[in-house]
Amino acid sequence: MILIKERFISADHIEHIYVEQLPTPERYAVIVQLSGDVAVFGRRDDILTLQMAFELRRRIVKAIVKYKSSDSPELQHVDFPKYEEVHPE
């Protein structure tokens, strides 16, 4: 299992992860397509720039790899990237 914000997602059910531009300028969402469901991050409360959205996607992929490559799979926590992390001064 992967925990992103307050949402648990089964790593075994993830089919695709992509970044989508929102109608609001400079805002993006990360969409995790699951078998039979979808999880969307950045559409409501969380504001994601393009760089932040791709960083979140990278972190989710890294968590999937770590979860699936572990002998005894453990819960993987994915933190949302902060603006300062991906937009250095």
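The rules we used
- In every chain, residue numbers begin from 1 and rise along the written sequence.
- Local features are withheld for residues below a pLDDT of 70 in this predicted model, meaning they are given only at 70 or higher, and side-chain atom pairs are given and counted only at 80 or more; totals for whole chains, interfaces and linings count all residues.
- Think of the side-chain values as coming from all heavy atoms in the structure, minus any hydrogens and water.
- Secondary structure is summarised from DSSP: a helix means a run of H or I of at least four residues, a strand means a run of E of at least two, and numbering begins at the N terminus for each.
- Between N or O atoms, a polar contact is any pair within 3.5 Å; within protein, one atom must be a potential hydrogen donor and the other a potential acceptor, and residues adjacent in sequence are included only when both atoms are from side chains.
- Working rule for contacts: check all heavy atoms of both residues, and any pair within 4.5 Å makes them a contact.
- Salt bridge, as used here: a side-chain nitrogen of Lys or Arg that lies within 4 Å of a carboxyl oxygen of Asp or Glu.
- The classification of residues rests on relative accessible area computed with a 1.4 Å probe and restricted to protein chains. Under 20% of the type maximum is buried, over 50% is exposed, and intermediate values are partly exposed.
- Here the expected span of a helix is defined as 1.5 Å times the quantity of residues minus one.

## Section: the side chain of His87
Inspection of the secondary structure assignment puts His87 in the segment after helix H2 (83-86). Here Thr49 takes part through its side chain, which lies 2.8 Å from a polar atom of the side chain of His87. Beyond its immediate stretch of four places on either side in the chain, His87 contacts Thr49, Gln51 and Met52.

## Overview of the pattern of salt bridges
The full count for this structure, using the stated rule, is seven salt bridges. Arg59 is the salt-bridge partner of Glu85, the closest N and O atoms lying 3.1 Å from each other. Of this pair, Glu85 sits in helix H2 while Arg59 sits in helix H1 (residues 50-69), and the two are 26 residues apart along the sequence. Residue classification places Glu85 among the partly exposed positions, given a relative accessible area of 47%. A network of salt bridges, in which partner residues are shared, links Glu55, Arg58, Arg59 and Glu85.

## Focus: H1
Helix length check: H1 (20 residues) gives 29 Å between terminal C-alpha atoms against 28 Å at 1.5 Å per residue, within 8%. Among all positions in H1, only Met52, Ala53, Glu55, Leu56, Arg59, Ile60, Ala63, Ile64 and Tyr67 are buried. In this structure, the buried residues of H1 make contact with strand S1 (2-4), strand S3 (14-21), strand S4 (28-34), strand S5 (37-41), strand S6 (76-78) and H2.

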